[in-house]
Amino acid sequence: MRARFGRERWAALTVAGFGFAACASTANSGSTSSAPASQAEPLLKKTLPVLPPKAAMNVEQARRYVLSLVNRDRAEHGLSLLVMDEPASRAGQRHAEDMAHAGYTAHWGTDGSVPEQRYSEAGGSDFVQENAGCLADGKQRSLDGAPRFEASQLERVERAFMDEKPPKDGHRRNILKPGHTGFGVGVAKPSGVDLACLSQEFVDDYGDYGSLPASAHAGAMLHVEGDVKGPVAFGGVGIGRIDLEQSLTAAYLNSTYTYAVPTPTDLYFPKGFVTKKPVELNGKHFRIDVPLTRTGRYEVSVWGKFPGAGEQLEMISLRVVSVK
């Protein structure tokens, strides 16, 4: 048997000097997977009232307000509400500050990092998809050390995402992906510019996984282990590789329009599937040792099967291990 995998892609858009970037699914754009019943309550059929605060907000208050805006938009479509995910917020804050400082919008960072890497380095172990909005003028600025954010600044970004029309609606589809369970957000302000730079991080939490090392040496074996949970059945483990990070300029970053999650070069399935090495599977618990053959950033993915999806597998975890 062979499993069918979806691919994830990030797309970027620049409007009037303000940049937007989003994670959108190509093969899985019509995904109907949903959160477990315990996480899907309450399913709301009308808009949640979101009353903008009268006073300007600090960073933590702004994060909570952005979450309320996202949950309002999801509630309008009968989708489950998201909970704050702290690792995702740490990853988002790192990226928002980098964009605000360097004057760009993209999914790579000026240090060459990518969304799943930042999430892994912040302590995350699930699958994250990113929306981002900031400047796109390439001007380096200092960060406002004590930023305050007006509700209108945060609403502007969310409204721009939700007003998108197909087929250029990756941000909107990301916000309204049924399977999201968690949310993190970074918010920053460059000095002298009255806008909010945002990095929204959407999390799909469908498993508990054993820890992976942040780094390893070429030739090492990597132990991948965990338990899928909720409605998901285990599908497989993927290993992909990209080069080690290197510094990137704002000019280059502002020229990027898509970021695709690297396709796994090696896929490992349980017995009964075509696989070079079977994953040990006991109920919902899986384990396998895989080789890290050469230097680079290894993208370690876990794939699951949702009810009603047939043989379609979706990524539910993506972590990065640097091999030097």
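Calculation rules
Here, residues in each chain are numbered from 1, in the same order as that chain's written sequence. Totals for whole chains, interfaces and linings use all residues, but because this is a predicted model, local features are given only for residues with pLDDT of at least 70 and pairs of side-chain atoms are given and counted only at 80 or more. Note that the side-chain values use all heavy atoms of the structure and ignore hydrogens as well as water. Centres within 6.5 Å make a pair out of two Phe, Tyr or Trp rings, where for Trp the six-membered ring is used; the pair is then stacked when the planes are under 30 degrees apart, edge-to-face when over 60, and tilted otherwise. As a reminder, the over-ring test applies to NZ of lysine and CZ of arginine, requiring each to be within 6 Å of the ring centre and within 35 degrees of the ring normal. For every residue, the accessible area (1.4 Å probe, protein chains only) is compared with the maximum for its type, and the residue is labelled buried under 20%, exposed over 50%, or partly exposed between those bounds. Helix numbers and strand numbers start at the N terminus; a helix is a DSSP run of H or I with at least 4 residues, a strand a run of E with at least 2. When DSSP finds two or more bridges between two strands, those strands count as paired. Two residues qualify as a contact provided that any one of their heavy atoms is within 4.5 Å of a heavy atom in the partner residue. Whenever a helix is involved, its axis is fitted only over the stretch in contact; in every case the axis is a line through C-alpha atoms, and angles between N-to-C directions fall within 0 to 180 degrees. Count a disulfide wherever a pair of cysteine sulfur atoms falls within 2.5 Å. The span one expects for a helix is its residue count, reduced by one, times 1.5 Å. What qualifies as a polar contact is a pair of N or O atoms within 3.5 Å, subject to a donor-acceptor requirement within protein and to the restriction that residues adjacent in sequence count only when both atoms come from side chains.

Undergrad: So what about the packing of aromatic side chains? Which residues, and what values?
TA: The final tally for this structure, using the stated rule, is 6 aromatic pairs. Aromatic ring contacts, followed pair by pair, group Tyr 209, Phe 234 and Phe 286 into a single cluster. Positioned above the aromatic ring of Phe 149, the side-chain terminus of Lys 189 is 5.2 Å from the ring centre.

Undergrad: Which residues make up the pairing of strand β5 (residues 127-135), and what are the values?
TA: Counting buried residues in β5 gives 9 out of 9 residues, a clear majority hidden from the surface. Alignment of β5 against strand β7 (residues 197-204), held across 7 bridges, turns out to be antiparallel. Bridge pairing in β7 places Glu 130 opposite Glu 201.

Undergrad: Explain the environment of Thr 275 residue by residue, including any values.
TA: Checked against the element boundaries, Thr 275 lands in the loop between β13 (266-268) and β14 (280-282). What makes Thr 275 partly exposed here is its relative accessible area of 23%. It is 9.8 Å that separates the C-alpha atoms of Thr 275 and Gly 236, two residues lying 39 residues apart in sequence. Once residues within four sequence positions are removed from consideration, Thr 275 is found in contact with Leu 267, Tyr 268, Phe 269 and Pro 270.

Undergrad: Give a detailed account of the sheet that holds β14, specifying residues and quantitative values.
TA: Pairing in this open sheet of 4 strands is antiparallel, and the strands run β8-β10-β15-β14 from one edge to the other. The open sheet has two edge strands with one neighbour each: β8 (207-209) and β14. When the angles between neighbouring strand axes are averaged without regard to direction, this sheet yields 20 degrees. Two strands pair when backbone bridges link them, and β14 and strand β15 (residues 285-291) are joined in this way by 3 bridges, in the antiparallel orientation. From the neighbouring strand, Asn 282 faces β15, where its bridge partner is His 285.

Undergrad: Give a detailed account of the state of the cysteines, specifying residues and quantitative values.
TA: If you walk through the whole model with that rule in mind, you get 1 disulfide. Bridging Cys 134 to Cys 197, the disulfide has an S-S length of 2.0 Å. With the S-S dihedral at roughly 55 degrees, the linkage between Cys 134 and Cys 197 falls on the right-handed side. With a gap of 63 residues between them, Cys 134 in strand β5 and Cys 197 in strand β7 connect regions that are remote in the sequence.

Undergrad: How would you summarise unusual backbone geometry if you had to cite specific residues and measurements?
TA: Between Pro 166 and the following residue, Pro 167, the backbone shows a cis peptide bond with an omega angle of 5 degrees. You can see Pro 167 is positioned in the loop between α5 (151-162) and α6 (170-175).

Undergrad: Tell me about helix α3 (residues 86-102), residues and numbers included.
TA: Here α3 spans 24 Å end to end across 17 residues, near enough to the 24 Å set by a 1.5 Å rise per residue. With respect to burial, α3 is a largely interior element, 12 of its 17 residues being buried. Among all positions of α3, only Pro 87, Ala 88, Ser 89, Ala 91, Gly 92, Gln 93, His 95, Ala 96, Asp 98, Met 99, Ala 100 and Ala 102 are buried. A distance of 2.9 Å separates the backbone nitrogen of Ala 88 from a side-chain oxygen at the start of α3, and that oxygen is part of Asp 85. Among the residues trailing α3, Gly 103 stands out with phi positive, at a value near 75 degrees.

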